[in-house]
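Fold and contact review
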Amino acid sequence: MLTLRFIKLSIKAALEYRTDFIFMIAVGIIWQVTVVAFATVVITRFPGLGGWSAGDVLLVASVRLAGHTFASGFFIGLRQVSELTADGKIDAFLLRPLPVYRQVMLNYFHMPEFGGLAVVAVMFAAAVRMVDIDWTPWRIGYLVASVVGATLLEVALQTVLGAFALRRPTVKLWQEWTEELMAAFGNYPLHILPNLAWAVFVFVLPIAFCAYFPVAVLTGQTSSLPVPAGVAVASPLISATLFLAALGWWRIELRRYESVGG
Amino acid sequence: MDGPAIEARRLRKVFTTSVRRPGFVGALRSLVAPERADTVAVEEVSFSVARGELLALLGPNGAGKSTTIKMLAGVLVPSDGEARVAGQVPHLDRKVNARRIGAVFGQRTQLWWDLPAVESFTMLRDIFKIEQEAYRTRLEELDGLLELASFWQRRPRQMSLGQRVRCDLAAALLHDPPIIFLDEPTIGMDAVAKEQVREFIRYQVEQRSRTVILTTHDMAEVARLARRVLLVNEGRVVYDGGLAELQKEYGSGWKVRVTFATGEVPPGIPGPGEKVGDAHVFAGVDPTAKRELMRSLLDRDDVTDLETHGDDLEDIMAAVYRKRAAVTA
Amino acid sequence: MSELAQGWRIARRSVLYETHHPGRLAGVVTQLSTQVFLTWCLWTALYATVSFNAGMDRGQAVTYAVLATLYGRLRGPDRGLARDTVRQHVRTGSIVYWYLRPVDPQRYHWVRAVGDQLYGLAWAAAAYTVCRLIGLVEGPASKTAAGLFLLTLVLGQMVLYYLLALVDVACFWTLNNFGVGAMINLTQNLFAGAIAPLWFFPGWFQTLSSWLPFQSSLHVPLSLYVGRIPPADAGHYVLVQVIWIVLLALVLRRFWRRADRQVVVQGG
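Keep in mind that this is a model prediction, so the values were computed, not measured.

A tally of regular secondary structure across chain B gives 11 helices and 13 strands. Its C-alpha atoms give chain B principal-axis dimensions of about 75 × 60 × 45 Å. When burial is assessed residue by residue, chain B has 51% of its 329 residues classed as buried. Long-range pairs, those at least 24 residues apart, make up 70% of the contacts in chain B between residues at least 6 apart in sequence. Here chain B has roughly 15,600 Å² of accessible surface; of this, 50% comes from carbon and sulfur atoms. Computed over 46 positive and 47 negative side-chain charges, the inter-centroid distance for chain B is 7 Å.

Many authors give the size of an interface as the accessible area that is lost as the parts come together. If you look at the interface, chain B gives 37 residues, while chain A gives 29 residues. Roughly 3,000 Å² is buried in total at the junction of chain B and chain A, and carbon and sulfur atoms are behind 55% of that figure. In this assembly, chain B and chain A are joined by 2 salt bridges. One salt bridge in this structure joins Arg5 of chain A and Asp126 of chain B, with 2.4 Å as the shortest N-O distance. Run the count over chain B and chain A and you get 10 residue pairs in polar contact (both at pLDDT 80 or more). Sorting the residues of the side of chain B that touches chain A by element identifies β1 (6-19), α2 (65-73), α3 (94-100), β5 (101-105) and α4 (117-127) of chain B as the ones contributing at least two each. Here the residues of the side of chain B that touches chain A sort into 17 nonpolar, 8 polar and 12 charged.

A few words on the interface of chain C and chain A. In this assembly, 41 residues from chain C lie in contact with 39 residues from chain A. Carbon and sulfur atoms make up 76% of the surface buried where chain C meets chain A, a total of about 3,600 Å² over both sides. At the surface where chain C touches chain A, the tally comes to 0 salt bridges. On the surface where chain C and chain A come into contact, there are 5 residue pairs in polar contact (both at pLDDT 80 or more). Elements supplying a minimum of two residues to the side of chain C that touches chain A: α3 (22-46) and α8 (178-192) of chain C. Tallying contributions element by element places α3 of chain C first for the side of chain C that touches chain A, with 14 residues. Grouping the amino acids of the side of chain C that touches chain A by side-chain chemistry returns 23 nonpolar, 14 polar and 4 charged.

Before going further, it helps to examine the packing of aromatic side chains. All names here are of chain C. Under the counting rule described, the total for this entry stands at 24 aromatic pairs over all chains. On the numbers, 4.8 Å between centres and 75° between planes, the contact of Trp98 with Tyr108 is edge-to-face. Taken together, the residues span a long stretch of sequence, with Trp98 in the loop between α5 (86-92) and α6 (105-133) and Tyr108 in helix α6 at a distance of 10 residues. Per residue, the accessibility class of Trp98 equals that of Tyr108, and both read buried. An angle of 5° between the planes, with centres 4.9 Å apart, marks the rings of Phe191 and Phe205 as stacked. Taken as a pair, Phe191 in helix α8 and Phe205 in helix α9 (residues 203-210) lie far apart in primary sequence, 14 residues in all. Here Phe191 matches Phe205 in class, with each residue buried.

Time to look at the layout of surface pockets. Here the second largest pocket is characterised by a volume of approximately 430 Å³. When residues of the lining of the second largest pocket are traced back to their parent elements, those giving at least two are α6 (100-107) and α14 (235-255) of chain A together with α3 of chain B. For the lining of the second largest pocket, the element with the most residues is α14 of chain A, which contributes 5 residues. A per-class count over the lining of the second largest pocket returns 10 nonpolar, 2 polar and 5 charged.

Here we take up the packing of helix α2 (residues 18-45) of chain A against helix α3 (residues 54-75) of chain A. All names here are of chain A. One can describe the packing of α2 onto α3 by two numbers: an axis separation of 10 Å at closest approach and a directional angle of 160°. When the interaxial angle is binned, α2 and α3 end up roughly antiparallel. When you trace α2 past α3, the crossing you get is right-handed. Counted together, Trp31, Gln32, Val35, Ala39 and Ile43 of α2 and Ala54, Val57, Leu58, Ala61, Arg64, Leu65, His68 and Thr69 of α3 form the full contact between these two elements. Here the contact of α2 with α3 is composed, by residue class, of 9 nonpolar, 3 polar and 1 charged.

Residues and elements named next belong to chain C. A surface patch of nonpolar side chains, amounting to about 340 Å² of accessible area, comprises Trp110, Val114, Leu118 and Leu121. With respect to the helices, strands and loops of the structure, Trp110 is situated in helix α6. For Trp110, a relative accessible area of 36% gives the class partly exposed.

This part is about the sheet that holds strand β3 (residues 54-58) of chain B. All names here are of chain B. Strand order in the open sheet formed by 6 strands is β5-β6-β7-β3-β8-β9, and the pairing between neighbours is mixed. With one partner strand each, in any of the chains shown, β5 and β9 (236-242) form the two edges of the open sheet. Across the sheet, the axes of successive neighbouring strands diverge by a mean angle of 15°, strand direction being ignored. Here strand β6 (residues 179-183) runs beside strand β7 (residues 211-215); their pairing, made up of 5 bridges, is parallel. In the strand pairing of β7, Ile180 is matched with Val212. With respect to the sheet, helix α9 (residues 243-250) is in contact with β8 (228-233) and β9, its orientation differing from that of β9 by roughly 110°.

In terms of domain boundaries, chain B breaks down into domain 1 (6-248) and domain 2 (253-310). Computed over C-alpha atoms, the centres of domain 1 of chain B and domain 2 of chain B are 43 Å apart.

The rules behind these values
- Residues numbered from 1 in each chain as written.
- Chains lettered and ligands numbered in written order.
- Predicted model: local features only at pLDDT ≥ 70, side-chain atom pairs only at ≥ 80, totals over all residues.
- Heavy atoms only, no water.
- Helix = DSSP H or I, 4+ residues; strand = E, 2+ residues; numbered from the N terminus.
- Buried < 20%, exposed > 50% of the residue type's maximum accessible area, 1.4 Å probe, protein only.
- Contact = heavy atoms within 4.5 Å.
- Areas by Shrake-Rupley, 256 points an atom, 1.4 Å probe, with all protein chains shown as cover.
- Lys, Arg positive; Asp, Glu negative; His and termini not counted.
- Charge placed at Lys NZ, Arg CZ, Asp CG, Glu CD.
- Buried area = accessible area lost by both parts, 1.4 Å probe.
- Salt bridge = Lys/Arg side-chain N within 4 Å of Asp/Glu carboxyl O.
- Polar contact = N/O pair within 3.5 Å; in protein donor to acceptor, adjacent residues only side chain to side chain.
- Nonpolar A, V, L, I, M, F, W, Y, C, P; charged D, E, K, R; others polar.
- Phe/Tyr/Trp six-rings, centres within 6.5 Å; stacked < 30°, edge-to-face > 60°.
- 1 Å grid on protein atoms, 1.4 Å probe; cavity = no way out; pocket = protein on both sides within 12 Å on 5 of 7 lines; lining within 4 Å.
- Points joined across faces, edges and corners; volume = space filled by probe spheres on them.
- Axes fitted to C-alpha atoms, helices over the stretch in contact; angles between N-to-C directions.
- Parallel < 35°, antiparallel > 145°, perpendicular 65-115°, else oblique.
- Left-handed = near helix turned anticlockwise from the far one by under 90°.
- Patch = residues over 30% accessible without salt bridge, like charges linked within 9 Å, V, L, I, M, F, W, Y side chains within 5 Å.
- Pairing = 2+ DSSP bridges.
- Domains from an automatic or database assignment.

Next comes the structure, spelled out in structure tokens:
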């Protein structure tokens with residue numbers, strides 16, 4: 001209930017600047033189109049990437065984009081932690097009987113992102129037609145779990161960084177950088193990359209768990225993966241665990257919050 | 001519940017910052033091995049505030065006033081020592097604490113910047129789960145005291161400072177907290193707005209028996225509102241007691257300002273006095289001398305104006321800060 | 001103080017943001033090198049199955065992609081963090097100070113941008129040298145290509161400055177144009193070729209792009225550098241750049257004049 005009120009308020013505030021609001025929606029759509037354009041470029045220009053079919057690659061891109069859309073739609077507030085701290089808003093959040101995390105998350109509801117869901121739907125439709133998968137209920141369930149996992153993974157990374165940002169405003173740069181990297185490298189069968197690079201995406205910035213591993217499971221291509229099949233299957237679970245761990249870290253950092261001024 | 005409303009026991013807050021070494025080589029070295037430095041903002045501050053009492057927390061800029069308030073409000077976790085608000089540690093159960101306290105940090109607003117203030121109020125009503133009936137009565141009462149209705153449809157970004165802070169005061173009191181923290185609420189306000197806010201604070205203490213901690217640099221405000229003051233400097237408490245006692249201890253004496261019809265000091269008046277404008281100012285430390293002077297002045301017909309006062313509180317504060325700084329140095 | 005010295009002092013302002021925060025500098029180094037490395041890996045991998053694509057061989061495509069990453073640094077330090085963007089100044093009202101100084105706001109804005117660019121250029125140049133030394137990118141296609149690359153790079157940066165300055169100045173009456181800014185950034189990334197070299201996109205996309213100012217900034221200089229656009233064709237592109245500069249400069253001047261007339265200050 002209160003969550004809905006927050007969302008309504010945020011949209012009302014955004015509508016204060018009407019032209020800007022329209023532009024934001026346009027941005028959401030253009031951004032998604034960009035992703036689609038890029039995916040098309042890769043798929044049409046470089047067929048048979050890492051032994052995967054065009055449909056497989058498109059499915060990776062779809063899962064990641066869906067996850068990203070939900071993550072930035074609901075959790076974009078995490079990327080504004082440095083501003084919220086500088087404006088003393090975190091102080092105000094701490095004085096209200098609601099979890100600070102939820103208030104940060106709901107501080108700004110990124111409406112335009114949801115316009116992008118249409119693009120996500122189109123991509124999924126195309127991918128599903130192109131891939132050769134027998135859609136059993138189990139597989140459909142796993143696909144949904146993958147999207148939730150992709151969302152949680154991105155949110156987990158942004159939460160960890162956002163928690164740092166409570167005391168160090170420059171962390172914002174890292175948050176943007178992480179998002180850029182995820183957008184640039186999340187859409188590929190990552191085993192095409194040299195060992196060092198995919199190791200980064202498994203252990204440091206675990207983008208691989210976001211869409212690449214789950215789709216490999218769905219398309220039955222786990223043998224080409226650099227990790228055991230079991231790990232790949234557990235991707236959504238791993239993402240959820242990382243998310244919970246990130247929340248714990250947020251709590252720790254919040255205790256160390258220093259506020260600004262006097 | 002018994003016991004004091006607010007209690008601080010040996011509160012301490014240390015901030016760690018990284019120091020940049022000068023020069024390019026220094027910058028490189030800081031990259032590899034950043035040098036950390038501890039800044040002690042608050043050092044062993046202890047005091048308590050009784051229920052329904054107003055305590056003025058005073059001190060020069062950077063003395064640690066805001067940090068102390070933020071620790072008591074539960075925004076900051078103390079590095080050491082203990083804060084208790086209504087008998088409980090504020091940061092341990094923030095939700096319970098939030099219902100008990102209200103706070104205004106004068107230079108920051110908790111209102112939604114782009115929305116009419118009323119929207120912020122209803123949002124807070126929902127956050128604090130206030131019954132509609134109670135909400136309406138309280139808003140009416142707050143409006144009566146602060147005259148908000150004429151501008152509460154405006155967005156904070158379009159408000160004057162005075163209007164914005166008044167809205168913030170209302171926002172902080174909507175959930176009827178027994179304890180209020182006010183960090184420089186009247187900073188930058190015009191005289192009329194200040195007066196209204198002071199009256200509001202006084203009403204909250206005297207009529208509604210709320211406990212208030214107030215920081216300010218405005219000594220007229222302190223004189224009007226506070227009976228007890230707490231002076232902090234460089235993170236330590238340097239004085240905790242009555243305002244009157246402080247004045248007695250540090251005040252250097254009395255001043256009497258007289259305007260004579262002739263413009264000159266007539267014979268028979270003790271002391272020559274210093275001519276300031278049309279008037280003459282007599283000053284001293286000995287109260288007997290003052291009484292004597294007053295007696296001789298009151299009998300005269302050629303005294304057109306007579307004013308008497310102690311040292312300005314401003315002067316006293318400056319004296320205290322200087323004196324304590326010298327002691328600690 | 002001479003005009004030049006004053007200009008220099010204003011220009012270096014943004015640079016101080018980063019040099020005063022060693023952590024930020026280390027961050028930039030880490031971020032840039034990771035990004036360059038990964039981009040190189042990706043494009044090398046993409047070309048593992050094909051040797052020639054969209055008129056570019058592997059070396060050309062990898063060079064284009066890596067240089068496009070370096071190009072991202074050209075815009076200098078993040079001013080948003082330092083709360084020093086025009087949008088932030090307009091929103092908080094501190095923009096009035098721009099009008100109380102003996103420097104024309106328009107000029108101040110320009111000089112600051114030049115400072116940002118020079119700082120970014122230093123970074124890009126240093127990173128470029130490293131990339132060349134370890135063989136991540138190829139050299140320019142020819143000496144002529146190198147010359148034309150530098151010329152179109154400078155012109156392209158001017159086009160970009162005018163575009164971004166228009167967004168900045170538009171804040172004066174839209175007050176909040178985060179959306180407009182984000183949109184320009186995005187279209188810029190897409191149509192300039194920062195996301196993927198424009199040559200890989202479908203024909204209609206390239207036609208659309210040729211009618212927009214964005215490709216001037218990145219696509220044209222880089223294509224000349226790798227030899228995808230032969231030097232003989234350069235004249236056409238340079239002309240288009242110059243036309244955009246003149247057009248946008250005229251619009252910007254009008255914008256500034258309007259802005260000066262109605263400085264809307266929030267709050268107060």
